[in-house]
Amino acid sequence: MSFLLGPPQTAPRPRALRRLGARALKVAEFLTTPLLPADYGSLIAPLHLSADLRGRLVERRRETADAATLLIRPGRGWRPHVPGQYIRIGVDVDGVRHWRAYSLTSRVGADDGLVAVTVKKIPDGVVSRHLVDEIEPGTLLMLDQAAGDFVLGPRAPRRALFLTAGSGITPVMGMLRNHPELTDVVVVHSAPTADDVVMGAELRALHDSGRIRLVERHTRVEGILDLRPDGASGDESDADAARTLDALVPDWRLRETWACGPTAMLDAAQERWDAAGLGVRLHTERFRPVVAATGDGGVVTFTRSGLDVDADGGAPILDSGEDAGVLMPSGCRMGICFGCVAPLREGSVRDLRTGEVTTASAGNGGGAVPIQTCVSAPAGACSIDL
Amino acid sequence: MTATITGVTDREDTEPETTEPETTDPADAQPARTTDAAPTTPTRETRAGKATRRPARASAATTERHWKPKRSGGADPAGHLTPAQIDALGRELDALRDEVMATRGAADAAYIRRLITVQRGLELGSRLVLLGSKNKAAWVAGTLGLTAAKILENMEIGHNVMHGQWDWMRDPKIHSSSWEWDHAATAAMWKHSHNEVHHTYTNVVGRDNDLGYGILRVDADQKWHPAFLAQPIYNIVNAITFQYSIALYDLELGRHLKYRKRLSDQQKTDFVAGVRAVAAKTARHVARDYVVHPALSGTSWRSTAAANFTANLVRNLWTNTVIVCGHFPDGVETFAKASIRDETRGEWYLRQMLGSANISGPPAMHLATGNLSHQIEHHMFPDLPSNRYAEVAVRVREIFDRYDLPYVTGPLHTQYLSVWRKVIRYSLPNGAWEDLREQPVPTLRRGLSWLGAQVRGSRRHRA
């Protein structure tokens, strides 16, 4: 069956054998036209004979009331990730394929060959609810290679600060598990209550062992972590003053910092670090795009699908297209991976993060302009080549 | 063989409006709409027609009935309904559609995936068995399996996937924009002529080329020509070579031969590209069925080639049988071009309901026909997943009864014989068949002279 294996090959094989395999693949292609050998192969051994990267869910392990860790066996072609990176997972919910990005938390090159992501339910989240509560072990998942630059970099810092909230702890846990050489670490983590701390037991064990210093912030009682400089918020009680960044991590300025959490927290952190002239020492990862501007919307014409969709000025074209049944390429859904880029043939779109308007005109020699559909909404009528 | 057929592919009925000198049809006497341009260029409006799946639909209230009589006359088949009732019918059907669409889910997705797995397994298994096709039992089992696989692939899977019935799953592997099928016609050209032209202009004489495919006269309002005398033969040849006839039909070969001097450069380029695509695809399929697979069978090469030929032939005959039973049986209405001007949503539904015919039978029949046995439901809701037509049919039948509309259905043999009756009857000029039944011709000589008189009569009539 080796002829069923298309590229990429995982292990180098003798040249003669490879040539024979290539020839057999050609013959197989003749036999399976109009399909490809992999279209049949994926039905026999989905993980190994498929043209696309897939994975199988091995275990769903509950972390908290609303979070679970998924252990996944990736198929042929999986390339080891860098701790802190995320993968995109395609999962069918009620028969409909959805793609979402999740940070990897597993050890690189673990003996069992599994990779892990930890998912936290978000309110009204179709996919997160399915992954946390419903998905059964054995389910086949679509995967993408790991991506993202929220990583430690070539040289681990001597002193590190991780500023996280909610499921923002997941990429950090990926780094902590894979980088035992990190010893001077402070983790400031916010969650509604102690029970809501994702992977709380492991974090506390790390704290108790002295590997990290964990500062838990239970926001339901203590309120949101204030990242502003001391005194900036006016009349503070002593208790409040004790909970500022300077009080919690007096040496934060000396620490290389990675922050992952809700937009408001990241914006506040960025402001503080920039004000201190330390912007370059802050690395952030966002869950979703910062919507800065919405426009009037308009009719989006998907030229190849032959569909017109009346879209809202605040809704990404990606969402509108998917809802109408257009096969939209997608990626991180937050404007960073460029997996959703499609040509704008005519009309204008607004970048939801910046409010910037991009215009293409078919006439007058103007060509199509590639746009990121996940962070672009129509600014009047426009047509997309999909 | 197909070249002979396509030589007579085009009748006046399928000419582009701009080149038609006659204006006897009241529709042609009025200012041309934008969609009256040659149908090769999909205009916005034809696209809008395809996109009936869009949630937001134009639903202007029906204040008047837009139905117009055909040249041959006849009464409005929905004449007993008021415009308000037709409006209500449209709303009721939209609601039914939305209701069923909203319940699509994991079970439906599992159905199509299981079907695809079974079909591919059956094909792979049959081809493996056929490697030893010298053995009679292997030949029979392999041929049966391959035929069934090819039929499933074309009908319940291919046709329906390319209709976009499974696009909602957002699986790029099972999507109308990426699907390619085991058929001489390429997916792209088939989707245009089928989804855009046929499903939009269903049974409109002179608009819907599926009404006889340009080689058969199946309606009194299609103009007669002496070439139609031989249409019983075309019908048989068409069935035997069905996948190739469809490819030539989708290429609009007849039209191109007829108007080759008047075509724009773009049309010529597109046509040549289309011909190349079909030729390349056909070459690959021929290589697969008649070179590579037999070669791998070694000493069984001859019987493997014969098995593949048989499977292709039976698939052609079967798909043709099912498809002619969809719109040609007795009781199916056709419409004048003028009828679809300003047609409302309710009237569009009415035309689909009255212009299609079902095949009754057990679930296996529905599967074997790709659920085109539910042609009526398919034409009303072309993008509804095919596994749902059976349940929708019960509700649709009730609506037909309530609105007192004829639901044309019957077992396969009845419907197929009814098609043949039409093929024979309309091979002669209008009225000739009735004439013949009243006064049968006793000898061949008398028959020929009778025929001559009919032909002359028809010419006079046309002038």
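Residues numbered from 1 in each chain as written. Chains lettered and ligands numbered in written order. Predicted model: local features only at pLDDT ≥ 70, side-chain atom pairs only at ≥ 80, totals over all residues. Heavy atoms only, no water.

## What to know about the domain arrangement of chain A
Residues and elements named next belong to chain A. Domains assigned within chain A are domain 1 (54–143), domain 2 (160–285) and domain 3 (298–384). With 14 residues of domain 1 at the contact, the number on the domain 2 side is 16 residues. Taken over both partners, the interface formed by domain 1 and domain 2 buries close to 1,200 Å², and the fraction arising from carbon and sulfur atoms is 58%. Counting the surface domain 1 buries against domain 2, the share from its top three residues, Pro83, Thr105 and Lys120, is 37%. The tally of links from domain 1 across to domain 2 stands at zero salt bridges. Our count for the contact surface shared by domain 1 and domain 2 stands at four residue pairs in polar contact (both at pLDDT 80 or more). Every element with two or more residues in the side of domain 1 that touches domain 2 is listed here: strand 1 (54–64) and strand 5 (115–120). Grouping the constituent residues of the side of domain 1 that touches domain 2 by class yields five nonpolar, six polar and three charged. (Domains from an automatic or database assignment. Contact = heavy atoms within 4.5 Å. Buried area = accessible area lost by both parts, 1.4 Å probe. Salt bridge = Lys/Arg side-chain N within 4 Å of Asp/Glu carboxyl O. Polar contact = N/O pair within 3.5 Å; in protein donor to acceptor, adjacent residues only side chain to side chain. Helix = DSSP H or I, 4+ residues; strand = E, 2+ residues; numbered from the N terminus. Nonpolar A, V, L, I, M, F, W, Y, C, P; charged D, E, K, R; others polar.)

## Section: a nonpolar patch on the surface
All names here are of chain B. Nonpolar side chains collect at one region of the surface, where Tyr244, Val286, Tyr290, Val291 and Phe309 lie side by side and expose about 420 Å² of accessible area between them. Broken down by element, the residue count for the nonpolar patch peaks at three residues, all from helix 11 (residues 265–296). A relative accessible area of 30% means that Tyr290 is categorised as partly exposed. (Patch = residues over 30% accessible without salt bridge, like charges linked within 9 Å, V, L, I, M, F, W, Y side chains within 5 Å. Areas by Shrake-Rupley, 256 points an atom, 1.4 Å probe, with all protein chains shown as cover. Buried < 20%, exposed > 50% of the residue type's maximum accessible area, 1.4 Å probe, protein only.)

## Things to note about the packing of helix 6 (residues 136–162) of chain B against helix 12 (residues 301–327) of chain B
Residues and elements named next belong to chain B. In the contact formed by helix 6 and helix 12, the axes pass within 9 Å of each other and the chain directions differ by 40°. In this view, helix 6 runs oblique relative to helix 12, as classed from their interaxial angle. Of the two possible hands of crossing, helix 6 and helix 12 adopt the one that is right-handed. Contacts between helix 6 and helix 12 pair Trp139, Thr143, Leu146, Thr147, Lys150, Ile151, Asn154 and Met155 from the former with Ser303, Ala306, Ala307, Asn308, Thr310, Ala311, Asn312, Val314, Arg315, Trp318, Thr319 and Val322 from the latter. Class assignment for the residues of the contact of helix 6 with helix 12 results in ten nonpolar, eight polar and two charged. (Axes fitted to C-alpha atoms, helices over the stretch in contact; angles between N-to-C directions. Parallel < 35°, antiparallel > 145°, perpendicular 65-115°, else oblique. Left-handed = near helix turned anticlockwise from the far one by under 90°.)

## Some remarks on the sheet that holds strand 11 (residues 282–286) of chain A
Residues and elements named next belong to chain A. As summarised here, the arrangement of the five strands in space is 9-8-7-10-11, forming an open sheet in which the pairing is parallel. The two strands at the open ends of the sheet, each matched to only one other strand, are strand 9 (212–218) and strand 11. Neighbour to neighbour, the strand axes of the sheet diverge by 10° on average, direction disregarded. Sheet topology note: the strand 10 (residues 256–261)/strand 11 ladder contains five bridges and is parallel. Following the sheet pairing, Ala259 is matched in strand 11 by Thr284. Contacting strand 7 (159–165), strand 10 and strand 11, helix 9 (residues 263–275) crosses the sheet at an angle of about 160° to strand 11. (Pairing = 2+ DSSP bridges.)

## So, the environment of A:Glu322
In this structure, A:Glu322 sits in helix 10 (residues 317–324). Separated by 217 residues in the primary sequence, A:Glu322 and A:Thr105 place their C-alpha atoms 29 Å from one another. Apart from residues no more than four positions distant in its own chain, A:Glu322 is found in contact with A:Met328, A:Ser330, A:Arg333 and B:Arg170.

## Considering the state of the cysteines
Across all of its chains, the model carries zero disulfides over all chains by this definition. Looking at A:Cys340, it has no disulfide partner, and the nearest cysteine sulfur is the one in A:Cys374, 3.7 Å off. (Disulfide = S-S within 2.5 Å.)

## So, the domain arrangement of chain B
All names here are of chain B. What the domain assignment reports for chain B is domain 1 (2–18 + 33–418) and domain 2 (428–462). Taken together, the contact between domain 1 and domain 2 spans seven residues of the former and eight residues of the latter. Interface area, domain 1 with domain 2, both sides summed: about 680 Å², of which 52% is carbon and sulfur. Ranking the residues of domain 1 by area buried against domain 2 places Arg217, Trp224 and Leu229 at the top, with a combined share of 66%. Where domain 1 touches domain 2, the interface holds zero salt bridges. Classifying every residue of the side of domain 1 that touches domain 2 by side-chain character gives four nonpolar, no polar and three charged.

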